[in-house]
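Survey of secondary and tertiary structure
Listed below, chain by chain, are the residues.
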Amino acid sequence: MKVLRISAARKLFVFFFILMGLCGAIFYFLSVKLNFVIDLKSLIIFTGVLLILFVAFAYFFLIRPLNIILEQMEYLLAGKPYKKIYTGRIDEIGVLAH
């Protein structure tokens, strides 16, 4: 069995911190360099967009693969025909799929 390199949760947190770093850099650039006043409405919109990106990333890289694995495991346990899952992932989801 291959050694787990980067866990799925770590990927999710790294993506989250990258988004927060970009958010901070954008707000710094807008407020300090361009003297742009950031009001509450623009802050809420920007935070909403970041939240949507984070949820989309979590769905496509964690929730969706786990749902596929769960569905095929249910077919296997019920004795129904199932599809073998092929993946190149070597994190927790790859181990579950194997």
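Notes on the structure follow. (Residues numbered from 1 in each chain as written. Predicted model: local features only at pLDDT ≥ 70, side-chain atom pairs only at ≥ 80, totals over all residues. Heavy atoms only, no water.)

**Notes on the side chain of glutamine 72**
Topologically, glutamine 72 is positioned in helix α2 (residues 40-78). At 2.8 Å, the side chain of glutamine 72 forms a polar contact with the backbone nitrogen of lysine 83. Aside from chain neighbours lying at most four places away, what touches glutamine 72 is Tyr82, Lys83 and Ile85. (Helix = DSSP H or I, 4+ residues; strand = E, 2+ residues; numbered from the N terminus. Polar contact = N/O pair within 3.5 Å; in protein donor to acceptor, adjacent residues only side chain to side chain. Contact = heavy atoms within 4.5 Å.)

**Details of the packing of helix α1 (residues 8-33) against α2**
The interhelical angle for the contact between α1 and α2, taken along N-to-C directions, is 160°, at an axis separation of 11 Å. Comparing the axis directions of α1 and α2 gives the class roughly antiparallel. Crossing hand, α1 versus α2: right-handed. Seen from α1, the contacting residues are Ala8, Lys11, Leu12, Phe15, Phe16, Leu19, Met20, Cys23, Ile26 and Phe27; seen from α2, they are Leu43, Phe46, Leu50, Leu53, Phe54, Phe57, Ala58 and Leu62. (Axes fitted to C-alpha atoms, helices over the stretch in contact; angles between N-to-C directions. Parallel < 35°, antiparallel > 145°, perpendicular 65-115°, else oblique. Left-handed = near helix turned anticlockwise from the far one by under 90°.)

**So, the packing of aromatic side chains**
Within the structure shown, the criterion is met by 5 aromatic pairs. On the basis of an interplanar angle of 65° and a centroid distance of 5.3 Å, the ring pair of phenylalanine 16 and phenylalanine 54 is categorised as edge-to-face. Residue phenylalanine 16 is located in helix α1, and its partner phenylalanine 54 is located in helix α2; the two are separated by 38 residues in the primary sequence. Looking at phenylalanine 16, the relative accessible area reads 30%, which means it is partly exposed. Plain terms: the ring middles of phenylalanine 57 and phenylalanine 61 are 4.6 Å apart, the flat faces sit at 40° to each other, and that makes the pair tilted. (Phe/Tyr/Trp six-rings, centres within 6.5 Å; stacked < 30°, edge-to-face > 60°. Buried < 20%, exposed > 50% of the residue type's maximum accessible area, 1.4 Å probe, protein only.)

This is a description of form; function is not addressed.
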